[in-house]
Amino acid sequence: MIKTSLTVEETEEIVEKIAHWSKKYDLPAATTFLFEINRPIAPITAHILIGFGGILNTVMPLDMRDLGLFLLDDSNTLRLEERIKELAN
């Protein structure tokens, strides 16, 4: 069966992974900026990640299909930006 949405736990796991990665490499501003500028085209980006997720997963540490599903909901991006700000302080 093809996954069409993320559970709350999966969404929070993605938020935490990206936020902690951003903190670890001291890139909170850059990470927030990239997700913010992607917001207008997030549905397109999401569908590309879902479609090519299998190929992208060979070189990426995060499940790209799940990231695509994550980007389909704008509130997820807002939650991620909020969490990055929390960790940055």
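(A) Expanded view of the nonpolar core. Counting 17 residues, the largest nonpolar core has Ile14, Ile18, Leu67, Phe70, Leu71 and Leu80 as its most contacted members. Breaking this core down by element, the ones donating at least two residues are helix 1 (8-24), helix 3 (42-56), helix 4 (64-71) and helix 5 (74-88). Among all residues touching Phe70, those that are not within four sequence positions of it are Leu6, Thr11, Ile14, Val15, Asn76, Thr77 and Leu80.

(B) Local environment of the packing of aromatic side chains. Summed over the entire model, instances satisfying the criterion amount to one aromatic pair. With a centroid separation of 5.4 Å and 50 degrees between ring planes, the pair formed by Trp21 and Tyr25 is classed as tilted. Classification of Trp21 by relative accessible area gives partly exposed; the value is 43%.

(C) Layout of helix 5. Compared with an ideal rise of 1.5 Å per residue, which puts 15 residues at 21 Å, helix 5 spans 22 Å between its outermost C-alpha atoms and is within 8% of the ideal. Contacts from the buried residues of helix 5 go to helix 1, helix 2 (28-38) and helix 4.

(D) Up close: helix 3. Its 15 residues give helix 3 an end-to-end C-alpha distance of only 17 Å, which falls more than 12% under 21 Å, the value for a rise of 1.5 Å per residue. In helix 3, a bend of some 45 degrees at Ile50 exceeds every other bend along the element. Looking at helix 3, one finds that the buried residues are Ala42, Ala46, Leu49 and Gly53. Check the buried side of helix 3 and you find it contacts helix 2 and helix 4.

(E) View of the pattern of salt bridges. Counted under the stated rule, the structure contains 10 salt bridges. Ionic pairing is found between Glu16 and Arg83, a salt bridge with its closest N-O pair at 2.8 Å. With Glu16 in helix 1 and Arg83 in helix 5, this pair connects stretches of sequence that are 67 residues apart. Assessed through its relative accessible area of 24%, Glu16 is described here as partly exposed. With its nearest N and O atoms 3.5 Å apart, the salt bridge here joins Glu82 to Arg79. You can see Glu82 and its partner Arg79 sitting in helix 5, three residues apart, about one turn around the helix. For Glu82, a relative accessible area of 44% translates into the label partly exposed. Exposure remark for Arg79: the relative accessible area of 24% places this residue in the partly exposed category. A single network of salt bridges, built from pairs that share partners, joins Glu36, Arg39, Asp74 and Glu81.

So, how was this worked out
Along each chain, the written sequence defines residue order, and numbers are assigned to residues from 1. Thresholds applied to this predicted model are a pLDDT of at least 70 for local features of residues and 80 or more for the giving and counting of side-chain atom pairs; totals over whole chains, interfaces and linings are not thresholded and use all residues. Based on all heavy atoms of the structure, the side-chain values leave hydrogens and waters out of the count. Buried residues of nine kinds, namely Ala, Val, Leu, Ile, Met, Phe, Trp, Tyr and Cys, make up a nonpolar core once their side-chain atoms join them within 4.5 Å. Working definition: with a 1.4 Å probe on protein chains only, accessible area under 20% of the residue-type maximum means buried, over 50% means exposed, and in between means partly exposed. The numbering of helices and of strands both runs from the N terminus, where a helix is a DSSP run of H or I of at least 4 residues and a strand a run of E of at least 2. Between two residues, a contact is recorded if the distance between any of their heavy atoms is within 4.5 Å. Stacked, tilted and edge-to-face are the three classes applied to pairs of Phe, Tyr and Trp rings, where Trp contributes its six-membered ring and a pair requires centres within 6.5 Å; stacked means planes under 30 degrees apart, edge-to-face means over 60, and tilted covers the rest. The span expected for a helix works out to 1.5 Å for each residue beyond the first. Axes are fitted to the seven residues ending at a residue and to the seven starting at it; the angle between these axes is taken as the bend at that residue. Whenever Lys or Arg places a side-chain nitrogen within 4 Å of a carboxyl oxygen from Asp or Glu, that contact is recorded as a salt bridge.

None of the figures reported here should be taken as evidence of function without further support.
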